[in-house]
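Each chain is listed here by its residues.
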Amino acid sequence: MYSKVGIVGLGLIGGSLCKALRNRCGVKEIVAANRSEDVLITAKNEGVIDDYALGITDMFKGCDIVFICTPVNLIFDYAKKLAPIVGTDCIISDVGSTKAHLYEEIKTLGDTVSYIGGHPMTGSERFRYNASKEHLFENAYYIIAPAENIPDEKTAEFKEMVEKIGAIPVIVSPYEHDYAVASISHVPHIIAAALVNNVKKLDSDKGYMHLLAAGGFKDITRIASSSADMWEGIMFENKEDILSVLDSFSDVIADIRKSIADDNHSEVHSYFQNAQEYRNSFNTTTPKAFVKRYEIDVDVLDRPGSIAIITVMLSSNGINIKNMGIVNNRENNSGALSFAFDSEEDRQRSVELLRDMNYEVTVKE
């Protein structure tokens, strides 16, 4: 496992990596570079990093691995600066949400760089260091896209690190990665922003749309609050895949618009039915799933202490809550709270305890 780690870019992901590597992987020395010194000072005072600089310096010599946690359009420039300092024994990685274009750039450096592309599929609309946390990567997929010249043992070591910080490693090619994330991440960000911009455009001076935009609308557009600088870079780094997916999405919208205009009830019904069935399948555990989730929904009244009563009761019975969330929209849900557990035994015991207390519980399969 790594002894000395470098971080370039100390924001949400970079800061969280520092904390996770220190506390979960036992990394002895972490050095970081960032353009804003106040963030670096804070991280050092907190014991998260050991040394820092405002740019790429000899401080990175001796690193086993360096993570470049900057906007995607800056990653290659930093990799070029790092290569002669760290040498080929050091792995250079990144956390960018596009891989193929960067991979093609990295290949121009030849054997001077040992590169393993990375993309932790986690984050938040809050993207600065003060939002960073050790457990950010827990149960999140972490894409690993190694260059062709990387020895298998280096990839295996990287995979072990990913598992130790609590994430789920998935090894794919850079090209498969980019087409997938264009569909499930990049274009959805465009759509979320489009929905918000459309409401802003259509709203009257009285602002009723703004006032009533709660529940489902806020849920579906939450990601529109993400960094504009970051997403501008992503759009052009993955331009071709994004345009291809947008063309497909335009066809889907054109088809449903035509079905509504033509009063085609069966097509409209099928549109929503197909989406419902496919969306529900995301929660279904299959033999191909990377992680099995043991979930329940609990119907509770919105009263002070409702959550505390349940969590204290479960913990006092030795049941670990793996994840918990508030269901903001009851339209298609049978409860206001959602819980996930480590095992089927914990789930069944929780169901028994909650039903004994007259809670309405739904087991999610």
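Our subject in this report is the structure included herewith. Keep in mind the model is a prediction, meaning the values are calculated, not measured.

1. Here we look at the packing of helix H3 (residues 72-86) against helix H4 (residues 100-107)
It is the contact of H3 with H4, at a shortest axis distance of 10 Å, that shows an interaxial angle of 25°. Between H3 and H4, the angle is such that the two are roughly parallel. Considering only the axes of H3 and H4, their crossing is right-handed. Along the contact surface, H3 presents Ile-75, Phe-76 and Ala-79, while H4 presents Leu-102, Glu-105 and Ile-106. Looking at side-chain class alone, the contact of H3 with H4 contains five nonpolar, no polar and one charged residues.

2. Here's the deal with the environment of Asn-149
With respect to the helices and strands, Asn-149 occurs in the loop between strand S7 (141-146) and helix H5 (152-164). In this structure, the C-alpha to C-alpha distance between Asn-149 and Tyr-115, residues 34 residues apart in sequence, is 8.4 Å. Ignoring sequence-local partners within four residues, the contact set of Asn-149 consists of Gly-110, Asp-111 and Val-113.

3. A few points about the layout of surface pockets
Empty space among the atoms becomes visible once a probe the size of a water molecule is rolled across them. Computed from the structure, the second largest pocket encloses a volume of approximately 210 Å³. Every residue along the wall of the second largest pocket is listed here: Val-196, Val-199, Lys-200, Asp-203, His-210, Ala-213, Phe-217, Lys-218, Thr-221, Arg-222 and Ser-225. Of all the secondary structure elements, the ones that give two or more residues to the lining of the second largest pocket are helix H6 (174-202) and helix H8 (216-220). With three residues, the single largest contributor to the lining of the second largest pocket is H6. Split into classes, the residues belonging to the lining of the second largest pocket amount to four nonpolar, three polar and four charged.

The rules behind the values
- Residues numbered from 1 in each chain as written.
- Predicted model: local features only at pLDDT ≥ 70, side-chain atom pairs only at ≥ 80, totals over all residues.
- Heavy atoms only, no water.
- Axes fitted to C-alpha atoms, helices over the stretch in contact; angles between N-to-C directions.
- Helix = DSSP H or I, 4+ residues; strand = E, 2+ residues; numbered from the N terminus.
- Parallel < 35°, antiparallel > 145°, perpendicular 65-115°, else oblique.
- Left-handed = near helix turned anticlockwise from the far one by under 90°.
- Contact = heavy atoms within 4.5 Å.
- Nonpolar A, V, L, I, M, F, W, Y, C, P; charged D, E, K, R; others polar.
- 1 Å grid on protein atoms, 1.4 Å probe; cavity = no way out; pocket = protein on both sides within 12 Å on 5 of 7 lines; lining within 4 Å.
- Points joined across faces, edges and corners; volume = space filled by probe spheres on them.

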